[in-house]
Amino acid sequence: MARVPRLLEREDCVLIVVDVQPGFFAASEQASAKTTDVVARIAWLVRVAAALEVPIVVTEEQPDRNGPTVGVVGEALPPGTRVFIKPVFGLADVPEIVEAVETTGRQTAVLIGAETDVCVAHSALGLLDRGFRVAVVADATYSPESMHDHGLRRIVEAGGVIVHAKGVYYEWLRTVDAATAFRSAHPDLEEPPGFSL
């Protein structure tokens, strides 16, 4: 049995942006502040991935009902990034999305988006069933109230790992020299939303 590295290897990762659409974010004032932070972290992580040339796969569920990918996230995507329509909850049940993930040649799927207990969880479990290593970014995924934690628990029980956006950043860069060089090259990414580097 091959050893699975405990840290995320940037060269083996694909970032999957699951359904970051207005229809999946609660409208209450309390939820609004939380979702604004989550969406900002998603956009920041997308920009970090793009700068590090980590492939990105994007899904949307019923964009006619839930809206397109939120603007700040859409603007962070590299030009030409394809957005896949996902007619089921788990992206691993859509052959063209699975093909897009497999075509990257990467075996570690890093998931961000909404909703943690449904589309993110179903996608994570489906990718695990297909032999991918799955890492879900806890502070860059969202479900209302306790459903977020429920989704994360379900993913862990199935064999996924839970990470933090800051952890992903440092695991992708790995060394002090690489982090210093990245900050110099990308000063606009030095101040992530909700935590400091």
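Numbering of residues starts from 1 in each chain and follows the order in which that chain's sequence is written. The predicted nature of this model means local features are confined to residues of pLDDT at least 70 and side-chain atom pairs, given and counted, to a pLDDT of 80 or more, with totals for whole chains, interfaces and linings taken over all residues. Heavy atoms throughout the structure, all of them, feed into the side-chain values; hydrogens and water do not.

Enquirer: Tell me about unusual backbone geometry, residues and numbers included.
Expert: The amide bond that connects Ala-114 to the next residue, Glu-115, takes the cis arrangement and shows omega of -15 degrees. Every helix listed is a DSSP run of H or I at least four residues long, and every strand listed is a run of E at least two residues long, numbered separately from the N terminus. By the secondary structure assignment, Glu-115 is in the loop between strand S4 (108-114) and helix H5 (116-129). Its identity as a non-glycine residue notwithstanding, Asp-19 has a phi of 50 degrees, on the positive side. Position of Asp-19 among the secondary structure elements: in the loop between strand S1 (13-18) and helix H1 (29-51). A 1.4 Å probe rolled over the protein chains alone gives each residue an accessible area, and that area as a share of the maximum for its type sets the label: buried under 20%, exposed over 50%, partly exposed in between. On the accessibility criterion, Asp-19 (0% relative accessible area) is buried. With a phi close to 75 degrees, Arg-174 is a non-glycine residue in the positive phi region. Checked against the element boundaries, Arg-174 lands in the loop between helix H7 (165-173) and helix H8 (176-185).

Enquirer: So what's going on with the pairing of strand S2 (residues 56-60)? Which residues, and what values?
Expert: Of all five residues in S2, five are buried, a share of seventy percent or more. On S2, burial covers both faces: Ile-56, Val-58 and Glu-60 on one face and Val-57 and Thr-59 on the other are all buried. Think of it this way: DSSP has to see at least two bridges between two strands before they count as a pair. Of the pairings in the sheet, the one linking S1 to S2 comprises four bridges and is parallel in character. If you follow Val-17 over to S2, its bridge partner there is Val-58. When S2 meets strand S3 (residues 83-85), the two strands line up parallel, connected through three bridges. When the bridges of S3 are listed, Thr-59 appears paired with Phe-84.

Enquirer: Any chance you could break down H7 for me, citing the residues and the numbers?
Expert: When H7 is considered as a whole, its buried residues turn out to be Ala-165, Val-168, Tyr-169, Glu-171, Trp-172 and Leu-173. Following H7 by one or two positions, Arg-174 adopts a phi angle in the positive range, close to 75 degrees.

Enquirer: Before we move on, could you go through the side chain of Glu-61 and cite the residues and values that matter?
Expert: Structurally, Glu-61 can be placed in the loop between S2 and helix H2 (63-66). The contact rule is simple, with two residues in contact once any of their heavy atoms fall within 4.5 Å. Non-local contacts of Glu-61, meaning those with residues more than four positions away in its chain, are made with Asp-19, Gln-21, Phe-24, Asn-66, Lys-86, Val-88, Phe-89 and Cys-119.

Enquirer: Lay out the pattern of salt bridges in plain terms, naming residues and giving numbers.
Expert: A pairing counts as a salt bridge when a side-chain nitrogen of Lys or Arg comes within 4 Å of a carboxyl oxygen of Asp or Glu. The final tally for this structure, using the stated rule, is eight salt bridges. As a salt-bridge pair, Glu-9 and Arg-174 come within 3.7 Å of each other at their nearest N and O atoms. With a gap of 165 residues between them, Glu-9 in the segment before S1 and Arg-174 in the loop between H7 and H8 connect regions that are remote in the sequence. Relative accessible area serves as the criterion here: at 31%, Glu-9 is assigned to the partly exposed category. Note that Lys-86 and Glu-61 form a salt bridge whose closest N and O atoms lie 3.4 Å from each other. Of this pair, Lys-86 sits in the loop between S3 and helix H4 (95-103) while Glu-61 sits in the loop between S2 and H2, and the two are 25 residues apart along the sequence. On the basis of relative accessible area, Glu-61 is assigned to the buried category, the value being 9%.

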